[in-house]
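# Secondary and tertiary structure notes
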Number of protein chains: 2
Amino acid sequence: MSEHNSPQHMRRLIRVARGAERPDLVLVNCRLLNVFTGTIEEGNVAIAAGHIAGVSPDYAGPDTIDCQGLLVTPGLIDAHVHIESSLCTPRHFSQIVAARGVTTVMADPHEIANVSGIDGIRYMHTCSQGLDLDVKLMAPSCVPASHLETSGADLDAEDLQDLHAAGLVWGLAEMMNYPGVIFEDPKCLSILQAFGDTRVDGHAPHLGGLELNAYLTTGIGSDHECTNPVEAAEKLAKGMYILIREGTITRDLDALLPLVTDRTMRRFCFCTDDRIPADLLTEGSVDYLIRRARAHGMALEDAFCMATLNPAEWFGLSDRGAIAPGRRADLVVWDEANDLSPVWVLSAGRVVLQPGTERDPRPIPAVVMPTSVAQSLHGQWETVNFDVAASGSQATVRVIGSIENQIVTEHRQCSLPVLNGRVQTNPTADILKIAVIERHGHNGSMTTAFISGFGLQRGALAGSIAHDHHNLVVIGADDASMHTAVRAVANMGGGIAICHGDAVLAQMPLPVAGLMSEAPLLEVHAQYRTLQQASTDLGGRLHDPLMSLSFMGLEVVPSLKITDQGLVDVDAFDFVSVVV
Amino acid sequence: MSEHNSPQHMRRLIRVARGAERPDLVLVNCRLLNVFTGTIEEGNVAIAAGHIAGVSPDYAGPDTIDCQGLLVTPGLIDAHVHIESSLCTPRHFSQIVAARGVTTVMADPHEIANVSGIDGIRYMHTCSQGLDLDVKLMAPSCVPASHLETSGADLDAEDLQDLHAAGLVWGLAEMMNYPGVIFEDPKCLSILQAFGDTRVDGHAPHLGGLELNAYLTTGIGSDHECTNPVEAAEKLAKGMYILIREGTITRDLDALLPLVTDRTMRRFCFCTDDRIPADLLTEGSVDYLIRRARAHGMALEDAFCMATLNPAEWFGLSDRGAIAPGRRADLVVWDEANDLSPVWVLSAGRVVLQPGTERDPRPIPAVVMPTSVAQSLHGQWETVNFDVAASGSQATVRVIGSIENQIVTEHRQCSLPVLNGRVQTNPTADILKIAVIERHGHNGSMTTAFISGFGLQRGALAGSIAHDHHNLVVIGADDASMHTAVRAVANMGGGIAICHGDAVLAQMPLPVAGLMSEAPLLEVHAQYRTLQQASTDLGGRLHDPLMSLSFMGLEVVPSLKITDQGLVDVDAFDFVSVVV
């Protein structure tokens, strides 16, 4: 509230509200959505000092926006998002989603925290100043995600508390380590205690019954992992806010919307969690969830309430989420006739989208990356060895079975030929090698195993995005291509590369912690498509091999995954051998 | 959250919730109101460490309460109350309202703050520890209420901020000085700025339009002064929580209930504001509002939601307001067949009401009153002079016209005889004298004027409760009786006295800041009735002359009022002469 709370701003806003001074800007000819009453009102919206002075026919210009009778709503709030998943920095992410009517995001900088620790979070905070939307960071609760991997950082309660004391985080982001909570892991509990006075987001897929009760006793108040109405109904009844998610992979709205009734609506919000550039560009952000809810027949006022007032209430952001005196002037003018698309967007009273003219992005000072963000790839890349040793002429190996559009995998086994004591791939049968190589400069650990589902007939793809540790992950039909791909990623200081033999076929640099590009989102999207095409050209079968690649190392999602420390049987939550 | 937040309590609660340890107590055979879904559930409620571990059929004793199929709800929350109006200390207030199912009150110690300042607020905080209900103090925002009176204290932003920093107050209590806010009074604005990160209650009777907008730009978020649905509808639409009030005098529920719809219900709470002992004993507290709402046909789940989840949300008390894991074990078992009366009440897991047996109050250490609370009457009582000078044989004077059961007065004039240069009362025509004498030891100021409506044919009544400055106020038919009454109040160190000539007919000591008794509420109630009867015996016509007496000095409520500084024309908000 610092800006709002200055005596000068408070006085100015009071004077404008009572009619003693002219507003900075007035929206006229509005049909205003009142989220408190669920009704449409007429009136002019007076704006001063970045806030709404009030709604009244008495407010007048000189500076006005004629809304021409269009619907005006509060700016949208994304209740949970990882900006890193856009592959863009907050600056470029902001330009895209603000134009969609999103004016606040509750962002969990979990990915960069796993690479660059506190430095990474501070960098994201610095990058988030002066943007077209308000980025509220939540403290990443689970860095590293588990003890079965090597992350770039290990954040404890004290680290996170320091962030909170410094005003850099609003609350605690998704507590993913639900077994840790339920079985009293000291680190989990000390983090929860440190954030006891803030909002704490949950993450508890399929958790129910007494274990869910145990999880909730710690003050965790929301969940965005519900995928079916039975699960969501239990969580709702036990007091969790349900954040309905439409990410790139995870699409929960259709399943959960039937739970939203007049009675329960107040307990639901919308979020995007992880969206790749293509989805942000074609579908949108939270605006997409509103359109989809409307297509299901949900009333306009309810759909918008779930994207405005409700998340404002859950997060205790009493300064936004409604068109009312004293709230931030986050406002969106919608063209309902044109598939509910934004025409004007105001963020804290500043126009960030307007009809007709391309708006120059607000000039913001360049942010210097700290070393841990700018130089995040550390390894002896030339000496990497993808050998998998076995005796005899055939070996039975465990194989990660990747599945189209899912982040869960199957735990398969198959028999592979052994030559000179080394297990061979079998591209014809879609059995490739996968390796994860520690890249944070801690221990240089690596694991090589086998994977099916990608379908490459030749070549390799490698990347520095591998949830959640973000070590270097590479999949390939042959060792030479894998070496080339690893070197390409290393040479870019992070990124994604597709190679064959000695040739780099396509690549996208991600110099920001090996996770994000410095290019605008449109450009990143084009690079992404080039990479997808290159994979297809190599015989790749997955719709989005880059996304799938990045989830093969996530050992907290079933069934068989791989980290730098070894092959992980997620159900047993322990390592297993590659060769059976 | 200090108690809940200790690692030991957190671990214990987790273990009980997941079934690894036995609960401290289990409620069985319950019909549980789920305020999130608005439905009635079955299940056993497990309690440990003062909190709810969870609801499940799997939880078992050894210690159980058999609810015999009765309705179980969360403990009630009174969203705005002045404990001082009960004439009892928090301890005795607590015993009465907790037995009514109220387990949390948002208390504004405005009255004692006007007498004893910060000392008084700290005293109330100390008195509120270890009670049968949780008293959350809100910082009194308007001490003194105006510049037209002499209060015992003057609290500025720094004083109040210190209280907040010390954890003694939860937020800012009713900002009554709405003209001050609208016209940028520096003290008002600095107080609002100091509490910008907390919840700020409003108080803005009849305010609307641009002035209401101006008031709300400062972050004020609730109002409990709405008396008609038009006013409340505007405030609701502008984002205020509407706290529906049923005080002793102010009764707003019937008028406001029609505004509560499926859509708007979440924005309404219940409060009592000011209730005298008789009403607490006969009608009750927030439980009375629930019964009354039910009598109007409101659904059970809505009526309870407005007294539980809604105030918890408005005040950001995410640790209560629902029967859900991790929330305080504030629980009420109701007998619906017996006019919805509480059978069991648990406060933070402790039984504070149970059937059949009278429960001994929890032993709490005696609280030593600070000097400013224990010795709050300062004056030269023997030299008080009630003369009103005038020349001639008749004088036209302004007369305060008191009205049955209202705190507004009429601004009347009448002609009175003058003897020896002094204006005389006329008890036969119901024209008595009224005087307010400064009692805080600051300046000894006093004013004497005339009043009608009380009807005393002889004698006088005096008291040390006079909103909001709480100077000594006395009304009488003759000067001698007035002197006796003033001396009686002074001799008690504060209280109310009814006298005739030299005789004290009835009196009630209020040694705690001249506002509260140290006796239990039942005893205070008996004393109150004796005083009422004594007034009636003197010819008094008002149903509650003590209440009326205490509001004749409140110069922020129309029309003609009196303070130690002079007779106040409230509409002009300035002093006027007694003799015209």
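Here is a short report on the structure shown in this document.

We now examine the overall build of chain A. The number of helices and strands found in chain A is 18 helices and 28 strands. What you see for chain A is a C-alpha radius of gyration of 25 Å, in line with the 25 Å of a compact globule of 580 residues. Dimensions of chain A along its principal axes, counting C-alpha atoms only, are 90 × 50 × 45 Å. Scored against the burial criterion, the 580 residues of chain A give a buried share of 65%. Once local pairs closer than 6 in sequence are excluded, the contacts in chain A between residues at least 24 apart make up 68%. In the structure as shown, chain A presents an accessible area of about 18,900 Å², 49% of it carried by carbon and sulfur atoms. Of the charged side chains in chain A, 39 are positive and 69 negative, and the gap between their average positions amounts to 5 Å.

Here we take up the pairing of strand 27 (residues 566-569) of chain A. All names here are of chain A. Of the pairings in the sheet, the one linking strand 26 (residues 560-563) to strand 27 comprises four bridges and is antiparallel in character. Counterpart to L560 in the pairing with strand 27 is D569. Bridge count for strand 27 against strand 28 (residues 574-576) is three bridges, and the pairing is antiparallel. Across the sheet, residue V568 finds its bridge partner in strand 28, namely F575. Where strand 27 folds back onto strand 28 in an antiparallel hairpin, the turn is made up of four residues, including F573, whose phi is positive at roughly 50°.

This paragraph deals with the interface of chain A and chain B. Interfaces are frequently sized by the accessible area removed from exposure as the parts join. Taken together, the contact pairs 64 residues of chain A with 64 residues of chain B. With both chains or domains summed, chain A and chain B bury close to 5,100 Å², and 53% of this area falls on carbon and sulfur atoms. The tally of links between chain A and chain B comes to ten salt bridges. Between R18 of chain A and E184 of chain B there is a salt bridge, with its nearest N and O atoms 2.6 Å apart. Taken together, the connections running from chain A to chain B amount to 20 residue pairs in polar contact (both at pLDDT 80 or more). In terms of residue count, helix 2 (residues 7-18) of chain A provides more of the side of chain A that touches chain B than any other element does, eight residues in total. When the residues that make up the side of chain A that touches chain B are grouped by side-chain class, the tally is 28 nonpolar, 19 polar and 17 charged.

All right, on to the relation of the copies chain A and chain B then. With an RMSD of 0.1 Å, the operation that places chain A on chain B is a rotation of 180° combined with a shift of 0.0 Å along the axis. Expressed as a symmetry operation, the mapping of one chain copy onto the other fits a two-fold axis. Among all residues of chain A, the minimum C-alpha distance to the rotation axis is found for D262 of chain A, at 3.2 Å. Most of the interface of chain A is mirrored in chain B: 100% of its interface residues are interface residues there too.

Here the structure, examined in full by the defined rule, presents zero disulfides over all chains. In this model C269 of chain A remains outside any disulfide bridge; the closest cysteine sulfur is found in C271 of chain A, 8.6 Å from its own. The thiol sulfur of C30 of chain B is not disulfide-bonded, and the nearest other cysteine sulfur, from C67 of chain B, lies at 3.8 Å.

Residues and elements named next belong to chain A. The strand order 26-27-28 describes an open sheet built from three strands, whose pairing is antiparallel. The outermost strands of the open sheet, each flanked by one partner alone, are strand 26 and strand 28. Neighbouring strand axes in the sheet, compared pairwise and without regard to direction, differ in orientation by 45° on average.

Two elements in contact, helix 8 (residues 209-216) of chain A and helix 2 (residues 7-18) of chain B, have axes whose closest approach is 7 Å; the angle formed by their N-to-C orientations is 165°. Viewed along their axes, helix 8 of chain A and helix 2 of chain B adopt a mutual orientation that is roughly antiparallel. Viewed along their axes, helix 8 of chain A and helix 2 of chain B form a crossing whose handedness is right-handed. Together, L210, N213 and A214 of chain A of helix 8 of chain A and I14, A17 and R18 of chain B of helix 2 of chain B make up the contact between the two elements. Across the contact of helix 8 of chain A with helix 2 of chain B, the residue classes tally to four nonpolar, one polar and one charged.

Residues and elements named next belong to chain A. Mapped onto the elements of the fold, D252 is located in the loop between strand 12 (241-245) and helix 10 (253-256). The buried category is assigned to D252, whose relative accessible area is 3%. Discounting residues that sit within four places of it in the chain, D252 has contacts with H224, C226, T227, I244, R245 and E246.

One key point about sheets: their strands pair by backbone hydrogen bonds, in either a parallel or an antiparallel sense. All names here are of chain B. Spatially, the three strands line up as an open sheet ordered 6-7-8, and their pairing is parallel. Single-partner strands in this sheet number two, and they are strand 6 (76-81) and strand 8 (134-137). Going from strand to strand, the sheet's axes swing by 15° on average, the running direction of each strand aside. Each of strand 6 and strand 7 (102-107) is contacted by helix 12 (residues 286-295), which is oriented at about 110° to strand 6, the strand it contacts most.

Counted by the stated rule, this structure contains 68 salt bridges over all chains. Taking the shortest distance from any N to any O, the salt bridge between E225 of chain A and R245 of chain A comes out at 3.0 Å. Of this pair, E225 of chain A sits in the loop between strand 11 (222-223) and helix 9 (229-237) while R245 of chain A is found in strand 12, placing the two residues 20 residues apart along the sequence. With a relative accessible area of 11%, E225 of chain A lands in the buried category. Given the relative accessible area of 2%, R245 of chain A is considered buried. A salt bridge links K235 of chain B to D223 of chain B, with the nearest nitrogen and oxygen atoms 3.1 Å apart. Of this pair, K235 of chain B sits in helix 9 (residues 229-237) while D223 of chain B sits in strand 11 (residues 222-223), placing them twelve residues apart in sequence. Neither residue differs from the other here; K235 of chain B and D223 of chain B are each classed as buried. Salt bridges sharing partners connect three or more residues here, namely R12, R15, R18, E21 and D24 of chain A together with E184 of chain B.

Our focus in this paragraph is the nonpolar core. Membership of the largest hydrophobic core comes to 160 residues, with the highest contact counts inside it found for M175, Y215, I244 and F270 of chain A. Excluding its chain neighbours within four sequence positions, the residues that come into contact with Y215 of chain A are M175, Y178, V181, I182, G202, H203, A204, L207, I220 and M240 of chain A.

It is worth spelling out the packing of aromatic side chains at this point. All names here are of chain A. A complete count under the given rule lists six aromatic pairs over all chains for this structure. For the pair W314 and F315, a centre-to-centre distance of 5.6 Å together with 50° between the ring planes defines the contact as tilted. The same class applies to W314 as to F315, namely buried. An aromatic cluster of at least three residues, connected via ring pairs, comprises Y241, W314 and F315. Above the face of the Y241 ring, R267 is positioned so that its terminal group lies 4.1 Å from the ring centre.

This paragraph deals with the pairing of strand 25 (residues 503-509) of chain B. Residues and elements named next belong to chain B. Alignment of strand 24 (residues 495-500) against strand 25, held across six bridges, turns out to be antiparallel. Along strand 25, the bridge assignment pairs I498 with A506. Between the end of strand 24 and the start of strand 25, which pair antiparallel, lie two residues, with G501 showing a positive phi angle near 60°.

Moving on to the environment of M10 of chain A. Residues and elements named next belong to chain A. Considering the arrangement of structural elements, one finds M10 in helix 2. The class for M10 is buried, based on a relative accessible area of 2%. On a C-alpha basis, the gap between M10 and A48 in space is 9.8 Å, while along the polypeptide they are 38 residues apart.

Take helix 9 of chain B next. Every α-helix winds through 3.6 residues per turn, so residues three or four apart in the chain are directed the same way. Residues of helix 9 of chain B that are buried: E231, A232, K235, L236 and A237 of chain B. Positioned one or two residues after helix 9 of chain B, G239 of chain B has a phi angle of 100°, which is positive.

This paragraph deals with the side chain of T264 of chain B. In this structure, T264 of chain B sits in the loop between helix 10 (253-256) and strand 13 (268-271). Residue class for T264 of chain B comes out buried when judged on its relative accessible area of 5%. Within polar-contact distance, the side chain of T264 of chain B engages the backbone oxygen of L259 of chain B at 2.9 Å. If near-sequence neighbours (up to four positions away) are discounted, T264 of chain B is found in contact with F36 and T37 of chain A together with L236 and L259 of chain B.

Definitions and limits used
Residues numbered from 1 in each chain as written. Chains lettered and ligands numbered in written order. Predicted model: local features only at pLDDT ≥ 70, side-chain atom pairs only at ≥ 80, totals over all residues. Heavy atoms only, no water. Helix = DSSP H or I, 4+ residues; strand = E, 2+ residues; numbered from the N terminus. Rg over C-alpha atoms; globule rule 2.2 N^0.38 Å. Buried < 20%, exposed > 50% of the residue type's maximum accessible area, 1.4 Å probe, protein only. Contact = heavy atoms within 4.5 Å. Areas by Shrake-Rupley, 256 points an atom, 1.4 Å probe, with all protein chains shown as cover. Lys, Arg positive; Asp, Glu negative; His and termini not counted. Charge placed at Lys NZ, Arg CZ, Asp CG, Glu CD. Pairing = 2+ DSSP bridges. Buried area = accessible area lost by both parts, 1.4 Å probe. Salt bridge = Lys/Arg side-chain N within 4 Å of Asp/Glu carboxyl O. Polar contact = N/O pair within 3.5 Å; in protein donor to acceptor, adjacent residues only side chain to side chain. Nonpolar A, V, L, I, M, F, W, Y, C, P; charged D, E, K, R; others polar. Least-squares fit on C-alpha atoms with pLDDT ≥ 70 in both. Disulfide = S-S within 2.5 Å. Axes fitted to C-alpha atoms, helices over the stretch in contact; angles between N-to-C directions. Parallel < 35°, antiparallel > 145°, perpendicular 65-115°, else oblique. Left-handed = near helix turned anticlockwise from the far one by under 90°. Core = buried A, V, L, I, M, F, W, Y, C linked by side-chain atoms within 4.5 Å. Phe/Tyr/Trp six-rings, centres within 6.5 Å; stacked < 30°, edge-to-face > 60°. Lys NZ or Arg CZ within 6 Å of the ring centre and 35° of its normal.

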